[in-house]
Amino acid sequence: MRHPNRDHEHLDVLRAYHTRYHHIPALQRIADLLGFASRAASFKLMDRLALHGYVTRAPDDDAWIPGKRFFELHLADAA
């Protein structure tokens, strides 16, 4: 069974963490925060977020930093 895409919910958690601590957490901490079973799941999430411009890799480090769209607000769907 396929799981629903919850990337926007996960991104909201990362935004809240960044607001409080001024950085994006390491992969293991992301796994702990989001209830993932492994760091690999965190890496897959971060890869998807990077693909869409929400995060990027720091040029001199293994860390993740906010991308151009990290603080972008989502508008409600018009009904």
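Residues numbered from 1 in each chain as written. Predicted model: local features only at pLDDT ≥ 70, side-chain atom pairs only at ≥ 80, totals over all residues. Heavy atoms only, no water.

### Some points on the packing of helix 1 (residues 7-21) against helix 3 (residues 39-51)
Where helix 1 meets helix 3, the axes come as close as 11 Å, and the angle between the chain directions of the two elements is 95°. As the angle between them shows, helix 1 and helix 3 are arranged roughly perpendicular. Across from Asp7, His10, Leu11 and Leu14 in helix 1, the residues of helix 3 making contact are Leu45, Met46, Arg48 and Leu49. Across the contact of helix 1 with helix 3, the residue classes tally to 5 nonpolar, 1 polar and 2 charged. (Axes fitted to C-alpha atoms, helices over the stretch in contact; angles between N-to-C directions. Helix = DSSP H or I, 4+ residues; strand = E, 2+ residues; numbered from the N terminus. Parallel < 35°, antiparallel > 145°, perpendicular 65-115°, else oblique. Contact = heavy atoms within 4.5 Å. Nonpolar A, V, L, I, M, F, W, Y, C, P; charged D, E, K, R; others polar.)

### Thoughts on the environment of Leu14
When you line up the elements, Leu14 lands in helix 1. When its relative accessible area of 0% is taken as the criterion, Leu14 is described as buried. Measuring from C-alpha to C-alpha, the distance between Leu14 and Ile24 comes to 6.6 Å, with 10 residues separating the pair along the chain. Setting aside anything within four residues of it in sequence, one finds Leu14 in contact with Pro25, Ile30, Met46, Leu49 and Phe70. (Buried < 20%, exposed > 50% of the residue type's maximum accessible area, 1.4 Å probe, protein only.)

### A look at the packing of aromatic side chains
Enumeration according to the criterion identifies 3 aromatic pairs in this entry. Sitting over the ring of Trp64, Arg57 keeps its end group 4.5 Å from the ring centre. (Phe/Tyr/Trp six-rings, centres within 6.5 Å; stacked < 30°, edge-to-face > 60°. Lys NZ or Arg CZ within 6 Å of the ring centre and 35° of its normal.)

### Things to note about the layout of surface pockets
Of the volumes computed, that of the largest pocket is approximately 300 Å³. His3, Pro4, Asn5, Arg6, Asp7, His10, Phe36, Ala41 and Arg48 together form the lining of the largest pocket. Within the residue set of the lining of the largest pocket, elements represented by two or more residues are helix 1 and helix 3. By residue class, the composition of the lining of the largest pocket is 3 nonpolar, 3 polar and 3 charged. (1 Å grid on protein atoms, 1.4 Å probe; cavity = no way out; pocket = protein on both sides within 12 Å on 5 of 7 lines; lining within 4 Å. Points joined across faces, edges and corners; volume = space filled by probe spheres on them.)

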